[in-house]
Amino acid sequence: MIKKAIAVMTSGGDSPGMNAAARAVVRTALYEGVEVWGIHNGYRGMIKDDMEKLTRFSVSDMIQRGGTFLGTARSSEFKTPEGRKKAFDNLRSHGIEGLVIIGGDGSLTGGSMLSKEFGLPIVGLPGTIDNDVWGTDYTIGADTAANTIVDALNKLRDTASAHRRIMIVEVMGHKSGWLAMMTGIAGGAEYILVPEVKYDLDSMCHELVEMYEKGKRYSIIVVAEGACSAIGLGKVVEQQTNIDTRVSVLGYIQRGGSPTVEDRMKASMLGEKAALAIISGISNVVFGFDMGKVVSINLFDAVNNKKTLDPELVRLARVLA
Ligand code: F6P
């Protein structure tokens, strides 16, 4: 049954490309003659009834911008049945018949609860720099974040080399090591520490000293935040190797910036798919990519399964280090 009014929202940690995805949802819905509402600040805004009807001009000058014009937030109230009921009633009061959620694991889980508890049609898009959503090898913003990190690694190599230092760089990813693994390989790191793979600190320090004594000017160690704290690791490495060691925690710079072509293109493709699906009555799916093609994943499968790190990446990192 064709919907007359849908809504779109961004939720969880923002990521570059969320605006491109939301823009595609809005433009596609309006092209199909369907009203589209924008919910501000994620589930917090849904509960506070902070939403507005959007026009094609609401998403002008948007595709190149990082962040999310709708705003995002984390909401503890939404974790309560009362909060979810308030949110659903607000959607219904505006005649909204389906919701597109652009967000990560936690946000999509929230959507699955709205679907289960109120029968609200939900279509999800994987919006997070972590690339940790099950069923898709792509999430909106991960490519831009990876490029930001590799740019930082290139700069850090210069100063590590100048001072003959060990540079330990902490990257985001929540509990996933994908960002660290991809950027560690692309950035030519000597070591990449991720939560999914055990590492031997003593043998790493022994090897660092050995290479240093053979004349190697510097080493780069990329650490996923889910593996350990780079600051703590830096202290131990410097003590055990007696080599000048510095730490850079890249932090929130990884979440910003103008989205890459890949993120703009894939976010736009997913946004169009999501709008057409929710309008035509499809529900409880997440659209993602597999081997370069758009795929649809069952929403409950996406939120109830944990994505694993590609062992091929782990093997390659070992060979190239
Ligand atoms: O999920 C995206 C992410 O950037 C994670 O990589 C990071 O651990 C988390 O968000 C930080 O959350 P917040 O923005 O709430 O501090």
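In short, a report on the structure. (Residues numbered from 1 in each chain as written. Predicted model: local features only at pLDDT ≥ 70, side-chain atom pairs only at ≥ 80, totals over all residues. Heavy atoms only, no water.)

## Side note on the side chain of S15
Inspection of the secondary structure puts S15 in the loop between β1 (5-10) and α1 (18-31). A residue is classified by how much of its surface remains accessible, and S15, at 0% relative accessible area, is buried. Excluding its chain neighbours within four sequence positions, the residues that come into contact with S15 are G67, G127, T128, I129, I140, G141 and R255. (Helix = DSSP H or I, 4+ residues; strand = E, 2+ residues; numbered from the N terminus. Buried < 20%, exposed > 50% of the residue type's maximum accessible area, 1.4 Å probe, protein only. Contact = heavy atoms within 4.5 Å.)

## A few points about the site of the ligand
Near the ligand the following residues occur: R74, T128, I129, D130, M172, G173, H174, E225, Y252 and R255. Relative to its unbound accessible area of 400 Å², the ligand is 74% covered by the protein chains. Taken together, the residues that form the shell around the ligand break down as three nonpolar, three polar and four charged. (Near = heavy atom within 4 Å. Areas by Shrake-Rupley, 256 points an atom, 1.4 Å probe, with all protein chains shown as cover. Nonpolar A, V, L, I, M, F, W, Y, C, P; charged D, E, K, R; others polar.)

## Considering the sheet that holds strand β7 (residues 191-193)
Remark on secondary structure: sheet strands pair via backbone hydrogen bonds, oriented parallel or antiparallel. Reading across from one edge, β7-β8-β6-β9 is the order of the four strands in this open sheet, with parallel pairing throughout. For this open sheet the edge positions go to β7 and β9 (245-249), each flanked by a neighbour on one side alone. Adjacent strand axes in the sheet meet at a mean angle of 15 degrees when their direction is disregarded. Sheet topology note: the β7/strand β8 (residues 219-224) ladder contains three bridges and is parallel. Looking across to β8, one finds that L193 is bridged to V223. Docked against the sheet, helix α7 (residues 201-213) engages β6 (166-171), β7 and β8, running at close to 160 degrees with respect to β7. (Pairing = 2+ DSSP bridges. Axes fitted to C-alpha atoms, helices over the stretch in contact; angles between N-to-C directions.)

## Observations concerning empty space enclosed by the protein
Scanning all chains against the criterion turns up one cavity of 30 Å³ or more. Taken as a whole, the largest cavity holds about 50 Å³ of empty space. Forming the boundary of the largest cavity are R165, I166, L208, M211, Y212, K216, R217, Y218, S219 and I243. Tallying contributions element by element places α7 first for the lining of the largest cavity, with three residues. (1 Å grid on protein atoms, 1.4 Å probe; cavity = no way out; pocket = protein on both sides within 12 Å on 5 of 7 lines; lining within 4 Å. Points joined across faces, edges and corners; volume = space filled by probe spheres on them.)

## What about the sheet that holds strand β3 (residues 51-53)?
Taken in spatial order, the seven strands of this open sheet run β3-β2-β1-β4-β5-β10-β11, and their pairing is mixed. Two strands in the sheet have a free side with no partner beyond their single neighbour: β3 and β11 (293-298). Going from strand to strand, the sheet's axes swing by 25 degrees on average, the running direction of each strand aside. In this structure, β1 lies alongside strand β2 (residues 35-39), joined through five bridges in parallel fashion. Note on β2: the bridge partner recorded for A7 is W37. Across the face of the sheet, helix α4 (residues 105-118) comes into contact with β4 (99-103), β5 (122-126) and β10 (285-290) while running at roughly 160 degrees to β4.

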